[in-house]
Amino acid sequence: MEETHAIRLIIVEDESLLRDLLRVTLSQMPAISIMGAYDNGSKALEDADKSRPDVALLDIDLGRGWTGVETGLRLREAIPGIGVVLLSNYNSPELLSTIPNNQIAGWSYLLKKSVGNTQALA
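These notes cover the structure that comes with them. Keep in mind that what you see is a predicted model, and the values were worked out from it rather than measured.

What counts as what
- Residues numbered from 1 in each chain as written.
- Predicted model: local features only at pLDDT ≥ 70, side-chain atom pairs only at ≥ 80, totals over all residues.
- Heavy atoms only, no water.
- Helix = DSSP H or I, 4+ residues; strand = E, 2+ residues; numbered from the N terminus.
- Rg over C-alpha atoms; globule rule 2.2 N^0.38 Å.
- Salt bridge = Lys/Arg side-chain N within 4 Å of Asp/Glu carboxyl O.
- Buried < 20%, exposed > 50% of the residue type's maximum accessible area, 1.4 Å probe, protein only.
- Core = buried A, V, L, I, M, F, W, Y, C linked by side-chain atoms within 4.5 Å.
- Contact = heavy atoms within 4.5 Å.
- Expected span 1.5 Å × (residues − 1).
- Arc of directions from axis to C-beta.
- 1 Å grid on protein atoms, 1.4 Å probe; cavity = no way out; pocket = protein on both sides within 12 Å on 5 of 7 lines; lining within 4 Å.
- Points joined across faces, edges and corners; volume = space filled by probe spheres on them.
- Nonpolar A, V, L, I, M, F, W, Y, C, P; charged D, E, K, R; others polar.

Time to look at the overall build of the protein chain. Within the protein chain, the regular secondary structure consists of four helices and five strands. Listed N to C, the secondary structure of the protein chain is β-α-β-α-β-α-β-β-α in terms of helices and strands. Relative to the compact-globule value of 14 Å for 122 residues, the protein chain shows a C-alpha radius of gyration of 14 Å, a close match. Viewed in the frame of its principal axes, the protein chain has a C-alpha envelope of about 40 × 30 × 25 Å.

Counted by the stated rule, this structure contains four salt bridges. Between K43 and D39 there is a salt bridge, with its nearest N and O atoms 3.3 Å apart. Since its relative accessible area comes to 39%, K43 is described here as partly exposed. Residue D39 is classed as partly exposed on the basis of its relative accessible area, which comes to 29%. Close ionic contact of R52 with D49 constitutes a salt bridge, the shortest N to O distance being 3.8 Å. Judged by relative accessible area, R52 falls into the partly exposed class, the value being 37%.

Our next topic: the nonpolar core. In terms of nonpolar packing, the biggest core is built from 20 residues, with L58, L75 and L86 touching the most fellow members. Mapped by element, the contributors of at least two residues to this core are strand 1 (7-12), helix 2 (41-51), strand 3 (55-59), helix 3 (68-78), strand 4 (83-88) and strand 5 (107-111). Contacts of L58, omitting those with residues within four sequence positions, involve V12, G68, T71, G72, L75, V84, V85, L86 and L87.

This part is about helix 1 (residues 16-27). Helix length check: helix 1 (12 residues) gives 16 Å between terminal C-alpha atoms against 16 Å at 1.5 Å per residue, within 8%. Where helix 1 is concerned, the buried positions are R19, L22 and L26. Take helix 1 and look down its axis: the buried residues cluster within an arc of 65 degrees, on one side only.

Roughly 180 Å³ of volume is contained in the largest pocket. Lining the largest pocket we find I7, L9, L26, M29, A31, I32, V55, L57, V85, L121 and A122. Breaking the lining of the largest pocket down by element, the ones donating at least two residues are strand 1 and strand 3. For the lining of the largest pocket, a count of residues per class yields 11 nonpolar, no polar and no charged.

So, in structure tokens, the structure goes:
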């Protein structure tokens, strides 16, 4: 029987309340291990070597600095194969068109208002 491990997840969200709610709620799920929660992409990338996440949950609009797409691309350079989940308030899937075709596998795009609860997000 193959041993399974918890999904190692990082959260990058500039809104502190939402970031903390996601961190606390998702950390209660046995299948998820929160490796870090950050308010910007550069901090997440700095820690990526030691946290070695399987998945990055990224707000697409991170305010000042890198966007969620830019952060995802940089994380992919550091950790090839990392899964990227983009959360957005904007119904604009065309934002994904900035992701190079050779890197689009392993990305997903979710509207914040379409995800009814953290179970659905997980």
